[in-house]
2 protein chains.
Amino acid sequence: MGTRRIKWVLSLLLLALLPEAFAGVLDNRIDPVCDLPDGLVREIQGYQKTVNDIVSRIVDGEFAGKTWQSLSELVDTFGARLAGSEQLEKAIDYVIDGMKRDGLENVHTENASVPHWVRGYESAQLVAPFKKNLPLLGLGTTVGTPRGGIIADVIAVESFKEFEAFTPDQVKGKIVVFVPPWQGYGKTVAYRSHGASVAAKKGAAATLIRSITPFSIGSPHTGVQDYEDGVRKIPTACITVEDAEMILRKYRRGETLTIHLEMEDRNLEPFISRNSIAELVGTTYTNTSVVVVSGHLDSWDVGVGAMDDGGGALISWKALTYLKAMGLRPRRTIRAILWTGEELGLWGGQAYREAHQANEKEEFNFFFESDIGTFEPEGLDFSGNKEAECIFREIVKLMTPLNATQFETPTDGGPDISHWTSRGFPGASLINKNEKYFWFHHSAGDSMAVEDPRHLDKCAALWAAAAYVVADLSVPMPKDVRDV
Amino acid sequence: MGTRRIKWVLSLLLLALLPEAFAGVLDNRIDPVCDLPDGLVREIQGYQKTVNDIVSRIVDGEFAGKTWQSLSELVDTFGARLAGSEQLEKAIDYVIDGMKRDGLENVHTENASVPHWVRGYESAQLVAPFKKNLPLLGLGTTVGTPRGGIIADVIAVESFKEFEAFTPDQVKGKIVVFVPPWQGYGKTVAYRSHGASVAAKKGAAATLIRSITPFSIGSPHTGVQDYEDGVRKIPTACITVEDAEMILRKYRRGETLTIHLEMEDRNLEPFISRNSIAELVGTTYTNTSVVVVSGHLDSWDVGVGAMDDGGGALISWKALTYLKAMGLRPRRTIRAILWTGEELGLWGGQAYREAHQANEKEEFNFFFESDIGTFEPEGLDFSGNKEAECIFREIVKLMTPLNATQFETPTDGGPDISHWTSRGFPGASLINKNEKYFWFHHSAGDSMAVEDPRHLDKCAALWAAAAYVVADLSVPMPKDVRDV
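As annotated in an unreviewed UniProt entry, chain A carries the name Carboxypeptidase Q and is attributed to Culex tarsalis. Looking at chain A in UniProt, the text filed under Subunit (unreviewed entry) is "Homodimer. The monomeric form is inactive while the homodimer is active."

Here you go:
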């Protein structure tokens, strides 16, 4: 998933142009001019009682604690769920069984081809000037080293810019260690994604990268990387913040550092995995104007993916379960989709989009996705046209019983739905207190210890309530879809 | 080191007895009745300018950043420094050389016998109901398993109390997993210290314990443990919070869990290590009425011991270096002692005390120790008699330029000086913003990333200023020493 961006630049610009009106336009920064028909505003406000009921029963009633319980059973039973692994496929079977047991409708899977990358034995050791094991995690799709590994001297740099000064002669055969300081995920992740190809162009033997995290307790973080077409593929892995910084300090003091790196990672033939799907079928519309609630079921192979994205997957599944148990059935179908193969490159979302493309404008009304944590919820991100935005702003105002009325646009936590939202389909993602998200992200720390039962309840309630209102409104969400 | 206790119970009791005087006695909660001679109070206040100079030159002047630099060179050069290891002895040689280069006086080492425990290959794997590696760290002095390890079923409990219900028949041959919730270090550490013997008494084959930390990113934490005399020694190690909690949940759901545990840890013959010592010799008193500033140089073998206790060791050494360079030489000798063998049981402090016992009342005036982190300093803990406490309170008031005037008693962060302070010698330890101390403690996270250059400067300045004033006062610190 991505990270939060600076928003409302245009509104701020407007303010700068109208200084004399500053006090008067302050509200517009938050709430653009909306001209919704009074009837529609009243209709949305009319859902307050239903929202209150949903919240009350999920957070304090008979469903309290059940989302955490279900998530812990899932991750404790199957552990990590890397795309291409047997564990993920077993977890998919388990989810499908569970959705049926919950009485959900049209429960089924849809195939998606995913990469089949296998982490092998991985070891890095600083062998000079002293011996130290360097805990590491190969990056998704990395190639391995030759058998027995490679032993090479180190070049350590803080940035691509600093690396530019090195000549191919200096880089040839070296292990390049990138030690970028944390500058937010979106910016810093470039070293994880592109470091290998940048270094390979100058003849490097391998790259090691400071884990992409603002905080560490000696844990390496993995993640996917992209080999550039036409550039030699070299092994690439993340090491800990602590070791990366130590290597950079020693290198800058003029010490010669040598690393023995052995990685048996392999890329196998693509694997057919499955998106897991269930519905609460609408009273009026069935396979049209569908409201999607989603998260991805696959995870990295370290930690158990309770946070990324077990929580998002579970609230999507259980939102339907709880609405159904409450006897709440909206006009439109709500469809839970638990994507597969997100971590290795949004494969489940892409396959689903392609399979449903011919009729997509008719089929889909709205997309929800949670993939930036399920900590205490604060509101919802939105993406879509101005008209839909105005409707959605009114809906978010209903979330006062959860104290989750924050609204931002555009959405920034929906990688699997970005295929649609980037083309004008309306969508939303979860705003939550996820300041520590990247501390655990793609590491052994992504576990149930991160998930709070009450916060998960609140996320499930927000998800169920918002999806219900969008699905039950008398009008569909307006959209301006661009064809590609 | 230990943890912070609830203090001033007696003062609070007094308040309860005198409710009508509440407002009037509030100050007494903080400041007990002190009846220092006016002349002494004025004398102490007269050090304000000197304290200001020390702070200004260490924090903002020519010494700014140098403590962090020295610490990073030490830990980057030698890495972890476990008692009994070659690295620790090399680090001691390096420190001794550095103290001489800094122009310190009477630089020498004094021998101390320390345990020689060696971590071998360690591996734990959950083999049923699914396979999962369980990162672990054997506890200091643990025995190993037989070659090839043991495979045994699990009993998982939250507490010793819960374990009481199990019969020896149920425990025999099992691996007992203790999963105590964090209740503060002092309380929770009992499971690390005594878990092995508690379980062995009922015939357990080994124990695995939830790491003693309030927060985790998938990192195990080590530490020392105590085998009870006459009880069979069984292998004992800490696993991560995440894995321990997962095992407890699965066990409570009635699942049968099996672990393959292999540990090649060994206890060798004791080893002669050394305390590292340097002095700034007093103008009036040399080998009498000495003021000791101290921290321990040894560390655990994971992380590099930058926090525990590289920072404490370095500020003790460098306080002397900076005072000397400033031309500040007090009446009494200030002696820096960098203890050895603290982590495996206070061996350096104990050997030093025994060697100096015959003449200790004449030799020592005051003991400083820093072993609870060198984050931003807030003040000083104190231990000693009422008269000394009153003098020390006045000294701590001088630390306003550092915003470090907090005073608490008794001291709680001085394990290596506790041999003396528990018998009535006056002593002090560092109060600092160490709320995250136990996050990194005894783990791979104990690295330079934890240490802030400016905070280290402030700690060094506080250490130098407080030691200088105590050492230069016209009067020695009063003491009531109990013989044992």
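### Thoughts on the packing of aromatic side chains
Inspection of the entire model under this criterion finds 63 aromatic pairs over all chains. When the ring of phenylalanine 366 of chain B is compared with that of phenylalanine 382 of chain B, the centres are 6.3 Å apart and the planes differ by 25 degrees; the resulting orientation is stacked. Taken as a pair, phenylalanine 366 of chain B in strand β13 (residues 364-369) and phenylalanine 382 of chain B in strand β14 (residues 377-383) lie far apart in primary sequence, 16 residues in all. Cluster of aromatic residues (ring-pair linked, three or more members): Phe215, Trp439 and Phe440 of chain A together with Phe215, Trp439 and Phe440 of chain B. The ring of phenylalanine 163 of chain A carries the charged tip of lysine 202 of chain A above its face, separated from the ring centre by 4.9 Å. Stacked on the ring of tryptophan 439 of chain B, the Lys or Arg lysine 436 of chain B has its end atom at 5.3 Å from the ring centre.

### Regarding the UniProt feature "domain: Peptidase M28" (unreviewed entry) in chain A
Feature annotation in UniProt assigns "domain: Peptidase M28" (unreviewed entry) to the following positions: residues 275-466 of chain A. For residues 275-466 of chain A, the helix share is 35%, the strand share is 21%, and the end-to-end C-alpha distance is 23 Å.

### Describing the relation of the copies chain B and chain A
Overlaying chain B with chain A gives an RMSD of 0.0 Å, the required rotation being 180 degrees about an axis along which the chain moves by 0.0 Å. As the rotation angle and translation indicate, the two copies are arranged about a two-fold axis. Taken together, the interface assignments show that 100% of the residues at the interface of chain B recur at the interface of chain A, consistent with an identical surface on both copies.

### Things to note about helix α4 (residues 48-60) of chain A
Residue and element names in this part refer to chain A. Here α4 spans 17 Å end to end across 13 residues, near enough to the 18 Å set by a 1.5 Å rise per residue. Residues of α4 that are buried: Val51, Ile54, Val55, Ile58 and Val59. Across the axial projection of α4, the buried residues extend over an arc of 105 degrees, all falling on one side. In this structure, α4 carries Lys49 and Asp60 as exposed residues pointing more than 90 degrees from its buried face.

### Description of unusual backbone geometry
In this structure, proline 129 of chain A follows alanine 128 of chain A across a cis peptide bond, with omega equal to 5 degrees. Cis rather than trans, the peptide bond between threonine 409 of chain A and proline 410 of chain A has omega equal to 5 degrees. Along the chain, proline 410 of chain A falls in the loop between β15 (406-408) and α15 (418-421). One non-glycine residue with positive phi stands out, namely leucine 346 of chain A, at about 60 degrees. Looking at the element boundaries, leucine 346 of chain A is found in the loop between β12 (334-339) and α12 (347-356). Positive phi, close to 55 degrees, is recorded for serine 289 of chain B, a residue that is not glycine. Topologically, serine 289 of chain B is positioned in the loop between β10 (266-280) and β11 (290-296).

### Re the state of the cysteines
As used in these notes, a disulfide is a covalent bond between sulfur atoms, one from each of two cysteines. Residue and element names in this part refer to chain A. Within the structure shown, the criterion is met by two disulfides over all chains. The residue that forms a disulfide with cysteine 34 is cysteine 390, at a sulfur-sulfur distance of 1.9 Å. The disulfide joining cysteine 34 to cysteine 390 has a torsion of about -85 degrees about its S-S bond and is therefore left-handed. Taken together, the residues span a long stretch of sequence, with cysteine 34 in the loop between α2 (22-30) and α3 (38-45) and cysteine 390 in helix α14 (residues 386-396) at a distance of 356 residues. The exposure class of cysteine 34 is partly exposed, given its relative accessible area of 31%. Cysteine 390 sits in the buried class, given a relative accessible area of 7%.

### Digging into the sheet that holds strand β5 (residues 150-157) of chain A
Residue and element names in this part refer to chain A. Here eight strands make up an open sheet; going across it, the order is β3-β2-β9-β5-β6-β7-β8-β4 and the pairing mixed. Strand pairing shows two members of the sheet lacking a second neighbour, β3 (132-133) and β4 (136-138), which therefore form its edges. In the sheet, β4 pairs with strand β8 (residues 236-239) via three bridges, with the strands oriented antiparallel. Residue pairing for β8: leucine 137 is matched across the bridge by cysteine 238. Strand contacts of helix α10 (residues 241-252): β2 (122-128), β3, β5, β6 (175-178), β7 (206-210), β8 and β9 (258-263), with the helix running at about 80 degrees to β5, the strand carrying the most contacts.

### Let's talk about the environment of aspartate 243 of chain B
Residue and element names in this part refer to chain B. Mapped onto the secondary structure, aspartate 243 falls in helix α10 (residues 241-252). We classify aspartate 243 as buried; its relative accessible area is 4%. Once residues within four sequence positions are removed from consideration, aspartate 243 is found in contact with Lys132, Asn133, Leu134 and Pro135. Of the polar contacts made by the side chain of aspartate 243, one reaches the side chain of lysine 132; its length is 3.1 Å.

### Thoughts on α10 of chain B
Between its terminal C-alpha atoms α10 of chain B stretches 16 Å, which fits the 16 Å expected from twelve residues at 1.5 Å a residue. Counting buried residues along α10 of chain B, nine of its twelve residues qualify, which places the element largely inside the surrounding structure.

### Describing the sheet that holds strand β7 (residues 206-210) of chain B
Residue and element names in this part refer to chain B. A sheet is described by the order of its strands in space; here eight strands give the open sequence β3-β2-β9-β5-β6-β7-β8-β4, paired in mixed fashion. Edge strands, defined here as strands with exactly one partner in the open sheet, are β3 (132-133) and β4 (136-138). Summarising the sheet, strand β5 (residues 150-157) and strand β6 (residues 175-178) pair through four bridges and their orientation is parallel. For valine 157, the partnering residue across the bridge sits in β6 and is phenylalanine 178. Sheet strands touched by α10: β2 (122-128), β3, β5, β6, β7, β8 (236-239) and β9 (258-263). Its angle to β5, the strand with the most contacts, is close to 80 degrees.

### A few points about the confidence of the model for chain A
All names here are of chain A. In the predicted model, chain A carries a mean pLDDT of 93, and 93% of its residues have values of at least 70. Low pLDDT, under 50, characterises residues 1-29; the predicted model gives this stretch 40 contacts beyond four residues in sequence or across chains. Model confidence for the complex: the whole-complex pTM is 0.92, and ipTM, which rates the interface, is 0.91.

### A few points about the interface of chain B and chain A
If you look at the interface, chain B gives 28 residues, while chain A gives 28 residues. Carbon and sulfur atoms make up 60% of the surface buried where chain B meets chain A, a total of about 2200 Å² over both sides. Considering only the side of chain B, the residues that lose the most area to chain A are Asp76, Ile217 and Arg249 of chain B, jointly responsible for 31% of the buried surface there. Taken together, the links from chain B to chain A amount to four salt bridges. With a closest N to O distance of 3.0 Å, arginine 253 of chain B and aspartate 76 of chain A form a salt bridge. If you list the elements that add at least two residues to the side of chain B that touches chain A, you get α5 (66-78), α10 and α16 (437-440) of chain B. Its residues assigned to classes, the side of chain B that touches chain A shows eleven nonpolar, ten polar and seven charged.

### As for the pairing of β14 of chain B
Residue and element names in this part refer to chain B. Summarising burial for β14: seven of the seven residues are buried, a large majority. By the bridge criterion, six bridges tie β14 to strand β16 (residues 427-432) in an arrangement that is antiparallel. Considered in β16, the bridge of proline 377 is made with asparagine 432. Of the pairings in the sheet, the one linking β14 to strand β15 (residues 406-408) comprises three bridges and is parallel in character. Bridge pairing in β15 links aspartate 381 to glutamate 408.

### As for the pairing of β13 of chain B
Residue and element names in this part refer to chain B. Of all the six residues making up β13, six are buried; the element is thus mostly covered by neighbouring parts of the structure. Where β11 meets β13, five bridges bridge the pair, whose relative direction is parallel. Paired with valine 292 across the strands is phenylalanine 367, a residue of β13. Both β13 and β16 contribute to a ladder of three bridges, which runs parallel. In the sheet register, phenylalanine 367 faces β16, and the bridge partner there is glycine 427.

Cut-offs and rules
For every chain, the first residue of its written sequence is number 1, and the numbers climb from 1 along that sequence. The lettering of chains begins at A and the numbering of ligands begins at 1, in the order of writing. Totals for whole chains, interfaces and linings use all residues, but because this is a predicted model, local features are given only for residues with pLDDT of at least 70 and pairs of side-chain atoms are given and counted only at 80 or more. Each side-chain value is derived from all of the structure's non-hydrogen atoms; neither hydrogens nor water enter the calculation. UniProt positions are given in the numbering used here, feature names are shortened, and annotations may be inferred rather than shown by experiment. The criterion for an aromatic pair is that two Phe, Tyr or Trp rings (for Trp, the six-membered ring) have centres within 6.5 Å, with stacked assigned to planes under 30 degrees apart, edge-to-face to planes over 60 apart and tilted to the rest. Each helix corresponds to a stretch of at least 4 residues labelled H or I by DSSP, and each strand to a stretch of at least 2 residues labelled E; elements are numbered beginning at the N terminus. Whether a charge sits over a ring depends on NZ of Lys or CZ of Arg being within 6 Å of the ring centre and within 35 degrees of the ring normal. Our superposition of the copies is a least-squares fit, built on the C-alpha atoms of residues whose pLDDT is at least 70 in both. Any two residues whose heavy atoms approach within 4.5 Å at even a single point are treated as in contact. A helix is expected to reach a length of 1.5 Å times the quantity of its residues less one. Summary of the burial criterion: residues with accessible area below 20% of their type's maximum are buried, those above 50% are exposed, and those between are partly exposed, where the area comes from a 1.4 Å probe applied to protein chains only. Comment: arc refers to directions from the helix axis out to C-beta atoms. Throughout, disulfides are identified as pairs of cysteine sulfur atoms within 2.5 Å of each other. Pairing between strands is defined by DSSP: at least two bridges between them are needed. To define axes, lines are fitted to C-alpha atoms, for helices over the stretch in contact only, and angles between the resulting N-to-C directions are given on a 0 to 180 degree scale. Whenever a nitrogen or oxygen atom comes within 3.5 Å of another N or O atom, the pair is scored as a polar contact, on the condition that within protein one atom can donate a hydrogen and the other can accept it, and that pairs from neighbouring residues in sequence are kept only if both atoms are in side chains. Confidence of the prediction at every residue is given by pLDDT, a number between 0 and 100. Take the accessible area each of two parts loses on contact, using a 1.4 Å probe, and add the two losses: that sum is the buried area. The working definition used for a salt bridge is a side-chain nitrogen of Lys or Arg within 4 Å of a carboxyl oxygen of Asp or Glu. Polar here means any residue outside two lists: the nonpolar Ala, Val, Leu, Ile, Met, Phe, Trp, Tyr, Cys and Pro, and the charged Asp, Glu, Lys and Arg; Gly therefore counts as polar.

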